Amino acid sequence: MNNTAAVTIIGLGEMGRALADALIMAGGRTTVWNRSAAKADGLVARGAIRAATVEEAVLASPLSLVCLLDYDVADAILRPAAGALRGLTLVNLTNGTPDQARKAEGWARGHGAAYLDGGIMAIPSTVATSQAFVLYSGQKSHFEAHKETLEAIGAAKYLGADAGIAALYDLALLSAMNVMFDGFFHSVAMATSHDEGSAVGFTELLMPWLTNMAQVMPAFAADVDSDAEPVLVQGLDVVLASVRNMAQASHDAGVRADYFEHSAATLEKLPFSNALMRAGDPAILVAHRS
Ligand code: NDP
């Protein structure tokens, strides 16, 4: 980070404090504000400047990062400081929907501020490590003006001018994670229904299995994007039979089977004429969209 870059962080929860620490470490002047002021104490001890009000906080830096519980809280906190925003840049890293992001951009623009929306693909302990990346959307010139500074919290990935696209991709990525963890707990519940099953032992098998299966995703994705005949095919009857078995075995093990019952019902409705489940067939995405 440019040593002269000054940044303000509004919101010092678990994530906001990690962002502030990363920016302090990067060497810029870091101003912080939080409703519960005591959460700034450690940061101030490490070199941050505590602002007394939100207005004082935004005026301290050309760039302010906002990291709060949700957009309603962000709106309530920023609104009283609206008159101070002209000529400054707000980067809202609060989790929210694409529509909320677009509305926030309109509100910020209306007060003369540049606005970027962002999605943090990290947990507090991985901020500023090689694992962390952050999605951004909004006017490209705003992103380019602050990219170097933003890189201090994680690799900065610009997605496009529509302020909502970072939130869309953030929530799409989180939804994949969410379903993965649901799948994890489902499979552990099945495995530990057996007298000899242990979550730790089972997970030693699950990790390499899922890691291997994740390698197939780029080929699925290429099929989805291509107009050509999909490359990856599987017998629909084979897939359906195993999904029905997953539902039955879950049920027999005293584990909820509704996901697999729904999955089987979806597969039964797919309009495949040749009994092949084509990974990239739009019908699969259509089934997810309905
Ligand atoms: P925390 O619960 O630790 O912090 C919440 C923040 O919101 C605090 O600054 C809190 O202030 C403030 N806040 C909550 N309610 C109010 C209110 N009514 N009025 C004023 N301030 C309020 O959450 P995180 O820091 O973990 O998360 C912040 C954002 O970062 C979320 O949008 C989250 O989805 C996102 N994020 C978090 C990740 C994580 O692993 N933690 C990962 C990726 C994104 P106070 O301290 O005064 O309560």
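Residues numbered from 1 in each chain as written. Predicted model: local features only at pLDDT ≥ 70, side-chain atom pairs only at ≥ 80, totals over all residues. Heavy atoms only, no water.

Chemist: Can you help me understand helix H10 (residues 236–252) in this one?
Modeler: Note: α-helices contain 3.6 residues per turn, so residues at a spacing of three or four share the same orientation. An ideal rise of 1.5 Å per residue puts 24 Å on 17 residues; H10 measures up with 24 Å between its terminal C-alpha atoms. Within H10, the full set of buried residues consists of Leu-236, Val-239, Leu-240, Val-243, Ala-247 and Ser-250. The buried residues of H10 occupy an angular sector of 100 degrees when projected down its axis, which confines them to one face. The exposed residues of H10 that point more than 90 degrees off its buried face are Asp-237, Val-238, Asn-245 and Asp-252. A positive backbone phi angle near 75 degrees is found at Gly-254, which sits one or two residues after H10. (Helix = DSSP H or I, 4+ residues; strand = E, 2+ residues; numbered from the N terminus. Expected span 1.5 Å × (residues − 1). Buried < 20%, exposed > 50% of the residue type's maximum accessible area, 1.4 Å probe, protein only. Arc of directions from axis to C-beta.)

Chemist: Help me understand the site of the ligand, please; the structure alone is not making it clear to me.
Modeler: Of all residues adjacent to the ligand, which total 21 residues, the nearest are Glu-14, Asn-34, Ser-36, Lys-39 and Asn-95. When the ligand sits alone it has 880 Å² of accessible area, and the protein chains cover 72% of it. Judged by the proximity of its atoms to the pocket grid, the ligand belongs to the second largest pocket. For the shell around the ligand, the elements supplying multiple residues, two or more each, are helix H1 (14–26) and helix H4 (71–78). (Near = heavy atom within 4 Å. Areas by Shrake-Rupley, 256 points an atom, 1.4 Å probe, with all protein chains shown as cover. 1 Å grid on protein atoms, 1.4 Å probe; cavity = no way out; pocket = protein on both sides within 12 Å on 5 of 7 lines; lining within 4 Å. Sits in = over half its atoms within 2 Å of the grid points.)

Chemist: What's the story with the pairing of strand S7 (residues 133–138) in this structure? I'm lost.
Modeler: In summary, the side chains of a regular strand alternate between the two faces of the sheet. In terms of residue burial, S7 counts as a mostly covered element, since 5 of its 6 residues are buried. Pairing geometry for strand S6 (residues 114–121) and S7, over 6 bridges, is antiparallel. Directly across from Met-121, in S7, lies its bridge partner Phe-133. Pairing geometry for S7 and strand S8 (residues 155–160), over 5 bridges, is parallel. By the bridge assignment, Val-134 is partnered in S8 with Ala-156. Between the parallel elements S7 and S8, the chain passes through helix H6 (residues 140–150) in a crossover that is right-handed. (Pairing = 2+ DSSP bridges. Right-handed = clockwise from strand over helix to strand, strands pointing away.)

Chemist: How should I be thinking about the pattern of salt bridges in this particular structure?
Modeler: Should the charged atoms of two oppositely charged side chains come close, the side chains can pair. Considering all chains together, one arrives at 10 salt bridges under this definition. With its nearest N and O atoms 3.1 Å apart, the salt bridge here joins Arg-102 to Asp-99. Of this pair, Arg-102 and Asp-99 both sit in helix H5 (residues 98–110), 3 residues apart, which is roughly one turn of that helix. You can call Arg-102 partly exposed: its relative accessible area is 36%. Across the pair Asp-162 and Arg-102 runs a salt bridge whose closest N-O atoms are separated by 2.9 Å. Here Asp-162 is found in the loop between S8 and helix H7 (165–191), whereas its partner Arg-102 is found in helix H5, with 60 residues between them in sequence. Relative accessible area serves as the criterion here: at 36%, Asp-162 is assigned to the partly exposed category. (Salt bridge = Lys/Arg side-chain N within 4 Å of Asp/Glu carboxyl O.)

Chemist: So what exactly am I meant to see when it comes to the packing of aromatic side chains here?
Modeler: The description of two aromatic rings rests on the distance between their centres and on the angle between their planes. In total, this model carries 4 aromatic pairs according to the counting rule given. Ring geometry for Phe-184 against Phe-185: centres 4.9 Å apart, planes inclined by 70 degrees, an arrangement best described as edge-to-face. On the accessibility criterion, Phe-184 (26% relative accessible area) is partly exposed. Ring pairing ties together the aromatic residues Tyr-136, Phe-143 and Tyr-158, which thus form one cluster. (Phe/Tyr/Trp six-rings, centres within 6.5 Å; stacked < 30°, edge-to-face > 60°.)

Chemist: Would you take a moment to explain unusual backbone geometry for this structure?
Modeler: Generally, phi is negative for residues other than glycine and the peptide bonds are trans, each holding for most cases. Phi at Ala-128 takes a positive value of approximately 70 degrees, unusual for a residue other than glycine. Within the secondary structure, Ala-128 sits in the loop between S6 and S7.

The values reported here are purely geometric and, on their own, carry no functional implication.
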